[in-house]
Amino acid sequence: MANAYWCIVEDDRKGAPKKVMSEVLGEAGRLAGGTVEAVWLTDKATDDGIKQLGAWGASKVWVLENAAFAPYIGEVWVPALAELVAKESPKAIFAPVTSRMREFVARLAARLGAGLSADSVGFAMEGDALVATRPVYAGKVLAKMTWAKTPWIATMRPNVFKPAEASVAKSAQVEKPSVKIPTPRMKLVERREEVSTGLPELTEAETVISGGRGMKGPENIGAAVGASRAAVDAGWRPHRFQIGQTGRTISPKLYLGFGVSGAIQHLAGMRTSKVIVAVNKDPEAPIFKIADYGIVGDLFEVVPALTDEFKKLLEK
């Protein structure tokens, strides 16, 4: 539908939309005044996935289903969606900040010659114009921007926007448009699946524990779900656990940093966390400047004490 608000679906690669889509659809619905549509590029859409998108508020789900959409290849996804955009003329295109959406949405904006607000943390309507708020200069400044023309294109930082309230009474109309699928110049040679940690995905977790150089070694951060660049560079944790400008951007309800000094690169990836707790033996560590609660001390003495206190609270 012309002038519709579109939300590009991020899924789990198994036919289910990720939880972050409730936030994207919820915010899009608030801005649109109710009606939003989901656009799902996938090799295997499921009825349950479509029902979930409808429950989160999508009035229509555009299903672009083709084996060529897996794995993600920008040169295949971008022309396909750009063709649909040209036909339907949506007013806005939103997506969550994830590894592939960061690249895909930027490529799409360039293809359409449209503006992009990346890693957005706020939106407001000023008359007929949409104004987005996004961090710049490694998160030290929040800048406002608007668009010279539609479609308004933006990616949204997870755990920032209010999720849509799911309702089983809501359902979505399904549309399966025909689009040209270009032949990619690259082909998949081998797929290697990451071993599941059994923990929530870093960007969607409500609580994140992060370890830095002060952890002294990999044996001491095995339970952490996040890490600083120094810890990753030292080979203590895989890159997918890195938080920061060249890693993951997170906004959990609670961030606990142990032995993390708070270099600007790391702060750029977590400073929008709702509550920040820092433990570091250096009283001048930069992370204390943004921490809501700070403890100056040896983490190997502080963490056991905190653990005991947490256990007492949980037993009450």
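Cut-offs and rules
Residues numbered from 1 in each chain as written. Predicted model: local features only at pLDDT ≥ 70, side-chain atom pairs only at ≥ 80, totals over all residues. Heavy atoms only, no water. Salt bridge = Lys/Arg side-chain N within 4 Å of Asp/Glu carboxyl O. Buried < 20%, exposed > 50% of the residue type's maximum accessible area, 1.4 Å probe, protein only. Helix = DSSP H or I, 4+ residues; strand = E, 2+ residues; numbered from the N terminus. Core = buried A, V, L, I, M, F, W, Y, C linked by side-chain atoms within 4.5 Å. Contact = heavy atoms within 4.5 Å. Pairing = 2+ DSSP bridges.

J.: I'd like a description of the pattern of salt bridges, backed by residues and values.
T.: Inspection of the entire model under this criterion finds 11 salt bridges. Here E10 makes a salt bridge to R13, at a shortest N to O gap of 3.4 Å. Classification of E10 by relative accessible area gives buried; the value is 1%. For the salt bridge of R157 with D119, the shortest nitrogen-to-oxygen distance reads 2.5 Å. One end of the pair, R157, is in the loop between β9 (152-156) and β10 (173-175); the other, D119, is in strand β5 (residues 116-120), with 38 residues separating them in the sequence. The exposure classification of R157 matches that of D119, with both residues buried. One network of salt bridges, in which partners are shared, links E10, D11, R13 and R100.

J.: Hey, could you go over the nonpolar core for me, with residue numbers and the actual values?
T.: Core analysis: the largest hydrophobic core is formed by 29 residues, its most contacted members being L53, V61, F94 and F123. For this core, the secondary structure elements donating two or more residues are β1 (5-8), α1 (20-32), β2 (36-42), α2 (47-55), β3 (58-65), β4 (92-96), β7 (129-136) and β9. In contact with V61, not counting residues within four places along its chain, are A38, W40, I50, L53, A172, Q173, V174 and E175. Counting residues in each nonpolar core, the second largest holds 28 residues, with A4, V39, Y72 and L108 among its members.

J.: Could you give an account of the sheet that holds strand β13 (residues 254-258), naming the residues involved and the relevant values?
T.: The parallel open sheet is built from five strands, whose spatial order is β12-β11-β13-β14-β15. Looking at the sheet topology across the chains shown, the edges are occupied by β12 (226-227) and β15 (293-296). Two elements, β13 and strand β14 (residues 275-280), share five bridges in a ladder whose sense is parallel. Residue Y255 lies in a different strand from β14, and its bridge partner there is I276.

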